[in-house]
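Descriptive structure summary
Single-letter residue listing:
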Amino acid sequence: MQSFRNHEGVVVPLDRANVDTDQIIPKQFLKSVKRTGFGENLFDAWRFLDEGEIGKTNRQENPQFVLNDSRYRNASILLARRNFGCGSSREHAVWALMQYGIRCVIAPSFADIFYNNCVNNGLLPVPLPEEKVAQIFVAASSSEPLTANVDLENQRVTYENTESISFSIDSGSRKRLLEGMDEIGLTLRETDKIRKFERQHQRTMPWLFTDNP
Amino acid sequence: MPRTLYDKIWDSHHVGTREDGLDLLYIDRHLLHEVTSPQAFEGLTLASRKPWRLDANLATVDHSIPTTDRSEGVKGIADPIAREQVEVLNTNCDSFNIRYFDMLDHRQGIVHVVGPEQGATLPGMTIVCGDSHTSTHGAFGALAHGIGTSEVEHVLATQCLVQQKSRNMCVHIQGPLNESCSAKDIVLALIRQIGTAGATGHTIEYCGDVVSSLSLEGRMTICNMSIEAGARAGLMGIDERTVVYLESRPFAPKGGLWHEAVDYWLQLNTDSDANFDTTVELDVTELAPQVSWGTNPELVIGIDEVVPSSDDFSDEAKSETVGRALEYMDLTPGTPISEVILDKVFIGSCTNARIEDLRQAASIARGRKVASNIKNAFVVPGSGLVKKQAEQEGLDEVFKQAGFEWREPGCSMCLAMNNDRLYPGERCASTSNRNFEGRQGHMGRTHLVSPATAAASAIAGKIADVREYL
């Protein structure tokens, strides 16, 4: 997993609530068995005017969509409204965001599965109060692109000359992101504990351990 | 201390706390399908890891496969990318030795239909699947979480899920439910009331006499859409109906173990004085059949209502969402929803493709004809066994005579990963779970409804009030 300590980048304001994972990466791209190649189809139906398919080239960009605005071409921090990432559990949504170049998503709230998927890949979800998000929207929508700094170590977002804003994250996820730890490796350190639990569980609920048909 | 059903399942599966402070939950059943598993198996291979416990896993294929003739098996899949995805699952299940109902197996179907039907879903269990609609299995009093692909790999490798405990939410459904409405109408009404993020961070337990009176199929429909309200899981108490449904299913325990299991299950329900962090009251006594008009599952109205205007909502974000949805759906505020003309109808999905759903739809379709403006009216059974049962009851003939297409089981037009889809601008009444932009096809427009309303709408050629067809 990619670690996340401190990131400075341009903020792209995506002024929508309830952005679902079907929008982040539409279903036709989920047929891929690979873990890479999703970035070019991030927000495909919003970014392009023609219907996307895996491997399709010469796409027609939608000039109205914010990611295609020249101010935000190099953006790496995505700003959105509440309940970002709702819907399908597809981790492809997080892969698409990261492979496009997004390192951090700031929103008032996130859907639970999406949040976990972010943390498991090193994409930092930053929940901030609705009014703080609104303030950043104003700053990020001016004629000059806004650069912000997201500091996970100190759990702070800083931009322009404003006072930095603190955000919350559970200490376990924070540690894992800072160190880019292998999640499975971390759990397998508890192998003895899992084995012990499993033996006890089998005694309590033996019907869960019978040979299936 | 009194505990909820969720608390009890959590406690009985809590392995311990990892060194970073996160909890490990032991997983009893892991369901797999072709879309969210290939990268997980690849990860295992790259790290030279093996599945922790083979017998906990059950795989089937559902999302990417055609619902037309399957006699050629995987070779018959015309789309080369979809074919490769199915071939990869075939290879992975073979090389990792995972039990698998492949495309030609008569038990194949939508993973959330197959699990319960096989008795692979049992009360008091923890279940995961790389699919958000895993919440379906909560209808049996199982704790079932939808997970991402990294977590699929994690569960394969460790038999554990890293989790933070959710808060407890009680959704108390006040009835009785009138005969024009079904479980689907209840859950659409709930999401309308609490919103798509209304249950974020919570596990919902559905309570009340209405829940007890529902069949397991109806309970699954409600639990299925818990995720559409943002919940981490949806649950229902275990009762005689749960036990009767499961007895003699292939994966259910047998003999003495069955009785031991039943005794355990029936004492697992929420203690009468247990505390819920949040309680929601939903009164369905006056409920009319529900229809979604917009582009997320909280944008729902009754069949006798009109399409709202963005001015109807004081909340700025909601008003903006409504405005955008009206534009995408090409609807004018003030239009009665029952006047909206359709192009297609879809009866299927993990929400509504079980035998009871097909019976309800067939009872409306019987002796009637699909309207001439409907280009396709699909009926896609949830599994090979549902299809067989429906055919034994003659439901396939009812549908075919009315002009519906009777298909092979799979996810089909719920998410249009195969060729069953809407084309730009087409409008569909669908028994599926999501009306997101493009979900059923690029620029397609979805109205979520119950199976009975879908069937009535196919007959009417527009969104119909099923009460006129009963």
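All figures in this text were calculated on a predicted structure; none of them were measured in a lab.

**Some words on helix α14 (residues 395–402) of chain B**
Residues and elements named next belong to chain B.
- For α14, the complete set of buried residues consists of L395, D396, V398, F399 and A402. All buried residues of α14 fall inside an arc of 160 degrees around its axis, so they share one side.
- Following α14 by one or two positions, G403 has its phi on the positive side, about 105 degrees.

**With respect to the state of the cysteines**
All names here are of chain B.
- Scanning all chains against the criterion turns up zero disulfides over all chains.
- Take C170: it sits in no disulfide, and the sulfur closest to it among the cysteines is that of C207, at 3.3 Å.
- Among the residues examined, C170 registers a relative accessible area of 8% and is labelled buried.

**Describing the sheet that holds strand β18 (residues 427–430) of chain B**
All names here are of chain B.
- One open sheet holds the five strands; their spatial order is β17-β16-β15-β18-β19, and the pairing between them is parallel. With one partner strand each, in any of the chains shown, β17 (405–406) and β19 (445–448) form the two edges of the open sheet.
- Bridge analysis of strand β16 (residues 376–379) against β17 gives two bridges, and the strand direction is parallel. When the sheet's bridge partners are listed, F378 is paired in β17 with E405.
- Of the strands in this sheet, β15 (344–347), β16 and β18 are in contact with helix α15 (residues 451–460), which crosses β15 at around 150 degrees.

**Description of the interface of chain B and chain A**
- Contact residues are listed per partner, giving 83 residues for chain B and 65 residues for chain A.
- Carbon and sulfur atoms supply 54% of the area that chain B and chain A bury against each other, a total of about 6,300 Å² over both sides.
- Considering only the surface of chain B that becomes buried against chain A, Q39(B), W52(B) and H442(B) emerge as the three largest contributors, covering 11% of it.
- On the surface where chain B and chain A come into contact, there are nine salt bridges.
- The partner of D315(B) in a salt bridge is R82(A), and the shortest N-O contact between them spans 2.7 Å.
- Run the count over chain B and chain A and you get 32 residue pairs in polar contact (both at pLDDT 80 or more).
- At seven residues, helix α5 (residues 149–158) of chain B tops the list of elements feeding residues into the side of chain B that touches chain A.
- Partitioned by chemical class, the residues of the side of chain B that touches chain A number 30 nonpolar, 29 polar and 24 charged.

**What to know about the side chain of T187(A)**
- With respect to the helices and strands, T187(A) occurs in helix α7 (residues 183–188).
- Apart from the residues lying within four places of it in its own chain, the contact partners of T187(A) are I194(A), R18(B), L24(B), H154(B), T158(B), C160(B) and V162(B).

**Some remarks on the packing of helix α2 (residues 38–46) of chain B against helix α3 (residues 80–96) of chain B**
Residues and elements named next belong to chain B.
- Axis separation between α2 and α3 bottoms out at 10 Å; the angle between their running directions is 40 degrees. With respect to α3, the axis of α2 lies oblique. Taken as a pair, α2 and α3 cross one another with a handedness that is left-handed. Note on element contacts: α3 touches α2 through V88, N92 and F96, opposite P38, F41, L44 and T45.
- A class-by-class count of the residues in the contact of α2 with α3 yields five nonpolar, two polar and no charged.

**Focus: helix α5 (residues 130–140) of chain A**
Residue and element names in this part refer to chain A.
- Of the residues making up α5, those classed as buried are V133, I136, F137, A139 and A140. Down the axis of α5, the smallest arc covering the buried residues is 165 degrees, so these residues share one side. Residues of α5 that are exposed and angled more than 90 degrees away from the buried face: E131 and V138.
- Its buried side turned inward, α5 meets β1 (6–14), β2 (77–80), β3 (104–107), β6 (156–159) and β7 (165–166).

**What about the packing of aromatic side chains?**
- A complete count under the given rule lists 17 aromatic pairs over all chains for this structure.
- Centroid distance W258(B) to W265(B): 5.6 Å. Interplanar angle 85 degrees. Geometry classified as edge-to-face. With respect to class, W258(B) is no different from W265(B); both count as buried.
- Within the aromatic cluster, the residues linked to one another by ring pairs are F84(A), F110(A), F114(A) and Y115(A).
- Here the guanidinium or amino end of R16(A) rests over the ring plane of W46(A), the centre of that ring lying 3.8 Å away.
- The aromatic ring of Y245(B) is capped on one face by R249(B), whose charged end is 4.0 Å from the ring centroid.

**Here's the deal with the environment of P176(B)**
Residues and elements named next belong to chain B.
- Tracing the backbone through its elements, the reader meets P176 in the loop between β9 (167–174) and α6 (183–194).
- Sequence separation between P176 and T285 is 109 residues, and the spatial gap between their C-alpha atoms is 5.5 Å.
- When neighbours within four sequence positions are excluded, P176 is seen to be in contact with V210, V284 and T285.

**Thoughts on the nonpolar core**
- Core analysis: the largest hydrophobic core is formed by 117 residues, its most contacted members being F43(A), L78(A), F84(A), L97(A), W293(B), F399(B) and F404(B).
- With residues near it in sequence (within four places) discarded, F43(A) still touches L14(A), V19(A), Q23(A), I24(A), F65(A), L67(A), L78(A), F84(A) and L97(A).
- In this structure, M205(A), F101(B), V162(B) and C223(B) belong to the second largest nonpolar core, which totals 79 residues.

**Some details on the pairing of strand β4 (residues 57–60) of chain B**
Residues and elements named next belong to chain B.
- Every second residue of β4 is oriented toward a common face, with N57 and A59 on one face and L58 and T60 on the other, all of them buried.
- With three bridges joining them, strand β3 (residues 29–32) and β4 adopt parallel strand pairing. Each residue of the ladder has a partner; that of L32, found in β4, is A59.
- Considered for its hand, the β-α-β crossover made up of β3, α2 and β4 is right-handed.
- Here β4 runs beside strand β5 (residues 100–101); their pairing, made up of two bridges, is parallel. Bridge pairing in β5 places T60 opposite F101.
- Viewed along the sheet, the connection from β4 through α3 into β5 turns out right-handed.

**Focus on the sheet that holds β7(A)**
All names here are of chain A.
- Pairing within the open sheet is mixed, and its seven strands lie in the order β4-β3-β2-β1-β5-β6-β7. Every other strand in the sheet has two partners, leaving β4 (124–127) and β7 as the edge strands with one partner each.
- Direction of pairing for β1 relative to strand β5 (residues 147–151): antiparallel, over a ladder of five bridges. Across the sheet, the residue bridging to E8 is N149, located in β5.

**A look at the confidence of the model for chain B**
- Averaged over every residue, the pLDDT of chain B is 97; residues scoring 70 or more account for 100%.
- Across the interface, the model reports ipTM at 0.96; the global pTM reads 0.98.

**Points about the side chain of T149(B)**
- Tracing the backbone shows T149(B) in helix α5.
- From its side chain, T149(B) meets the backbone oxygen of T36(B) in a polar contact 3.0 Å long.
- With residues near it in sequence (within four places) discarded, T149(B) still touches E91(A), H92(A), W95(A), T36(B), Q39(B) and A40(B).

**Here's the deal with the environment of Y423(B)**
- For Y423(B), the location among the structural elements is in the loop between β17 and β18.
- Taking the C-alpha atoms as reference, Y423(B) lies 9.2 Å from R445(B); in sequence the two are 22 residues apart.

Rules behind the numbers
Residues numbered from 1 in each chain as written. Chains lettered and ligands numbered in written order. Predicted model: local features only at pLDDT ≥ 70, side-chain atom pairs only at ≥ 80, totals over all residues. Heavy atoms only, no water. Buried < 20%, exposed > 50% of the residue type's maximum accessible area, 1.4 Å probe, protein only. Helix = DSSP H or I, 4+ residues; strand = E, 2+ residues; numbered from the N terminus. Arc of directions from axis to C-beta. Disulfide = S-S within 2.5 Å. Pairing = 2+ DSSP bridges. Contact = heavy atoms within 4.5 Å. Axes fitted to C-alpha atoms, helices over the stretch in contact; angles between N-to-C directions. Buried area = accessible area lost by both parts, 1.4 Å probe. Salt bridge = Lys/Arg side-chain N within 4 Å of Asp/Glu carboxyl O. Polar contact = N/O pair within 3.5 Å; in protein donor to acceptor, adjacent residues only side chain to side chain. Nonpolar A, V, L, I, M, F, W, Y, C, P; charged D, E, K, R; others polar. Parallel < 35°, antiparallel > 145°, perpendicular 65-115°, else oblique. Left-handed = near helix turned anticlockwise from the far one by under 90°. Phe/Tyr/Trp six-rings, centres within 6.5 Å; stacked < 30°, edge-to-face > 60°. Lys NZ or Arg CZ within 6 Å of the ring centre and 35° of its normal. Core = buried A, V, L, I, M, F, W, Y, C linked by side-chain atoms within 4.5 Å. Right-handed = clockwise from strand over helix to strand, strands pointing away. pLDDT = per-residue confidence, 0-100.

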